[in-house]
Amino acid sequence: MTSTACFVIVSRNDIPIYEAEVGSAPKKEEIAYQHQFVLHAALDIVQDLAWTTSAMFLKGVDRFNDLVVSVYVTAGHTRLMLLHDSRNEDGIKSFFQEVHELYIKILLNPLYLPGSRITSSHFDTKVRALARKYL
């Protein structure tokens, strides 16, 4: 079975700082744009939900066809967003928690400017490995 997953980290200023297609389904350019559109359209819903709950993991905030948007909101209001067709909520939560740890390590780097794009190939490799492990 092929899985679809698109992962985006969005800064508190609604600027995408990291994007990755992490699913095993064949990738087409127009589908990738559609995934980005769905994730960015869900930002308004996430913003409303983030202020009404103290939970960091917001599961199933939006749907598009058979795809679901799950979000993890950090304490600094950075959103880790995942568009997926998986039903494994425990795996998705574990994926978010481990990516959050990687993101904190990036923030602790004195050469990284918070809010700028994450271009580290090490970070990208780790995120893709976590996606294979949990999604």
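Here the structure is shown first, and the text comes after it.
Rules used in this analysis
Residues numbered from 1 in each chain as written. Predicted model: local features only at pLDDT ≥ 70, side-chain atom pairs only at ≥ 80, totals over all residues. Heavy atoms only, no water. Helix = DSSP H or I, 4+ residues; strand = E, 2+ residues; numbered from the N terminus. Rg over C-alpha atoms; globule rule 2.2 N^0.38 Å. Buried < 20%, exposed > 50% of the residue type's maximum accessible area, 1.4 Å probe, protein only. Pairing = 2+ DSSP bridges. Axes fitted to C-alpha atoms, helices over the stretch in contact; angles between N-to-C directions. Contact = heavy atoms within 4.5 Å. Polar contact = N/O pair within 3.5 Å; in protein donor to acceptor, adjacent residues only side chain to side chain.

**Points about the overall build of the protein chain**
Along the backbone of the protein chain there are 4 helices and 5 strands. Start at the N end of the protein chain and walk to the C end: the helices and strands fall as β-β-α-α-β-β-β-α-α. The globule rule puts the C-alpha radius of gyration for 135 residues at 14 Å, and the 14 Å found for the protein chain is close to it. If one aligns the C-alpha atoms of the protein chain with their principal axes, the spans along those axes are about 40 × 35 × 30 Å. Looking at the protein chain as a whole, 43% of its 135 residues are labelled buried.

**Looking at the sheet that holds strand S5 (residues 79–84)**
An order of S2-S1-S5-S4-S3 is seen for the 5 strands of this open sheet, with the pairing classed as antiparallel. Lying at the two open borders of the sheet, with one neighbouring strand each, are strand S2 (16–21) and strand S3 (57–64). On average, each strand axis in the sheet is inclined to that of its neighbour by 15°, with strand direction left out of account. Two elements, S3 and strand S4 (residues 67–73), share 5 bridges in a ladder whose sense is antiparallel. Residue pairing for S4: arginine 63 is matched across the bridge by valine 68. Where helix H1 (residues 29–41) meets the sheet, its contacts fall on strand S1 (5–10), S2, S3, S4 and S5, and the angle it forms with S5 comes to roughly 130°. Sitting on the sheet, helix H2 (residues 43–50) is in contact with S1, S3, S4 and S5, with an inclination near 150° to S3.

**Details of the environment of arginine 117**
When you line up the elements, arginine 117 lands in the loop between helix H3 (89–108) and helix H4 (121–134). One polar contact links the side chain of arginine 117 to the main-chain carbonyl oxygen of proline 16, over a distance of 2.9 Å.

**A few points about the pairing of S1**
The element S1 is largely enclosed, with a buried count of 6 among its 6 residues. A two-sided burial pattern is seen for S1, the buried positions comprising Ala5, Phe7 and Ile9 on one face and Cys6, Val8 and Val10 on the other. Note that S1 and S5 share 6 bridges and pair antiparallel. The residue bridging cysteine 6 from the neighbouring strand is leucine 83, located in S5. Bridging between S1 and S2 involves 5 bridges; their strand directions are antiparallel. Within S2, the residue paired with valine 8 across the bridge is glutamate 19.

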